[in-house]
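A closer look at the structure
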Amino acid sequence: AFGSDTEYLLHLISDAGVLATAQQTSGPHSIIVYDEDKDKLWFWRDYFGRRSLLISQRVDGFLLSSVGDSGSDWVEVPSCGIFCFSNSELTCYPYDDRQEQCLQFGEKLDVTVVISSETLRSPISALNTNPDVSKSLDWESQSDDFIKLLFKSVQKRDACCSYPLRIDKV
């Protein structure tokens, strides 16, 4: 048995690695992991960015925190993927639809972000990607269909992104 979410996450990371564990972690979170053996610093927020994670560039490196004072140059880490500092290089493992946000983040920090070819799957599935446009415009029927579609979407989001932090088996 594990005494905390942190212990359980560390166990999963040691078994499956950071990327696999991050893909299975849902719910509001921001996480920072240092891999001493590989000298890599990993950090990310949940897909919806519900927990704060800030970064500030200093003369001797970077600071990461969930809170920052208003007098500093803190930048919000975007919820566009998983970031990794290694050998003075910042790599982003982006969600399949958020590569551009990773590059914009690098511009804010004045750092080149390397976009990994290994992308993460978005936890949100597309609904109704091929609507039948041949149907006549029956507004009442279509509005009912739209309300049903929204309800399904909320159900899927609720099932996918439950609160509190939930970690599926890796």
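The structure this text deals with has already been given above.
Now for a look at the structure at hand. Just so we're clear, the structure is a prediction, and the values are computed from it rather than from any experiment.

This part takes up the pattern of salt bridges. Under the definition given, this model contains three salt bridges. With a shortest N-O distance of 3.4 Å, arginine 58 and aspartate 73 are connected by a salt bridge. Of this pair, arginine 58 sits in strand β4 (residues 54-58) while aspartate 73 sits in the loop between β5 (61-65) and β6 (75-76); the two residues are 15 residues apart in sequence, bridging distant segments of the chain. The class for arginine 58 is partly exposed, based on a relative accessible area of 30%.

Inspection of the secondary structure assignment puts threonine 25 in strand β1 (residues 25-26). A polar atom in the side chain of threonine 25 sits 2.8 Å from the backbone oxygen of threonine 21.

This part covers the pairing of β4. If a strand is regular, its side chains alternate between the two faces of the sheet. When β4 meets β5, the two strands line up antiparallel, connected through five bridges. Bridging across to β5, isoleucine 55 finds its partner in leucine 64. Here β4 hands over to β5 after two residues, the two strands then running antiparallel side by side.

If you look at the biggest cluster of nonpolar residues, it comprises 15 residues, and the most contacted ones within it are Leu19, Val33, Trp42, Trp44, Ile82, Tyr93 and Leu120. Among the elements of the structure, α1 (5-16), α2 (18-24), β2 (30-35), β3 (40-45) and β7 (81-86) are those that each provide at least two residues to this core. Residues contacting tryptophan 42, with those up to four places away along its chain left out, are Val18, Leu19, Ile31, Ile32, Val33, Asp35, Ile82, Phe83, Cys84 and Tyr93. Within the second largest apolar cluster, 14 residues are counted, among which are Val77, Cys80, Leu109 and Val113.

Spatial ordering of the open sheet is given by β2-β3-β7-β8-β9, a layout of five strands whose pairing is mixed. If you trace the sheet from one side to the other, it starts and ends with β2 and β9 (113-115), each paired once. For this sheet, the mean angle separating the axes of adjacent strands, direction not counted, is 20°. On the sheet, helix α3 (residues 99-109) packs against β3, β7, β8 (89-94) and β9 and is oriented at approximately 165° with respect to β9.

We now examine the environment of isoleucine 115. Secondary-structure assignment places isoleucine 115 in strand β9. Counting along the chain gives 32 residues from isoleucine 115 to phenylalanine 83, while the straight-line C-alpha distance between them is 9.5 Å. Apart from the residues lying within four places of it in its own chain, the contact partners of isoleucine 115 are Cys92, Pro94, Gln99, Cys102 and Leu103.

Right, let's talk about the packing of aromatic side chains for a bit. Considering all chains together, one arrives at seven aromatic pairs under this definition. Ring plane angle 85° and centroid distance 4.8 Å describe the contact between tyrosine 47 and tyrosine 95, whose orientation is recorded as edge-to-face. Placement of tyrosine 47 in the loop between β3 and β4 and of tyrosine 95 in the loop between β8 and α3 is noted, with a sequence separation of 48 residues between them. Site record: aromatic cluster; members linked through ring pairs are Phe43, Phe62, Phe83, Phe85 and Phe105. In this structure, arginine 58 is placed above the aromatic ring of tryptophan 74, and the distance from its NZ or CZ to the ring centre is 5.6 Å. Over the aromatic face of tyrosine 47 sits the side chain of arginine 98, whose NZ or CZ is 3.7 Å from the ring centroid.

What counts, and at which threshold
Residues numbered from 1 in each chain as written. Predicted model: local features only at pLDDT ≥ 70, side-chain atom pairs only at ≥ 80, totals over all residues. Heavy atoms only, no water. Salt bridge = Lys/Arg side-chain N within 4 Å of Asp/Glu carboxyl O. Helix = DSSP H or I, 4+ residues; strand = E, 2+ residues; numbered from the N terminus. Buried < 20%, exposed > 50% of the residue type's maximum accessible area, 1.4 Å probe, protein only. Polar contact = N/O pair within 3.5 Å; in protein donor to acceptor, adjacent residues only side chain to side chain. Pairing = 2+ DSSP bridges. Core = buried A, V, L, I, M, F, W, Y, C linked by side-chain atoms within 4.5 Å. Contact = heavy atoms within 4.5 Å. Axes fitted to C-alpha atoms, helices over the stretch in contact; angles between N-to-C directions. Phe/Tyr/Trp six-rings, centres within 6.5 Å; stacked < 30°, edge-to-face > 60°. Lys NZ or Arg CZ within 6 Å of the ring centre and 35° of its normal.

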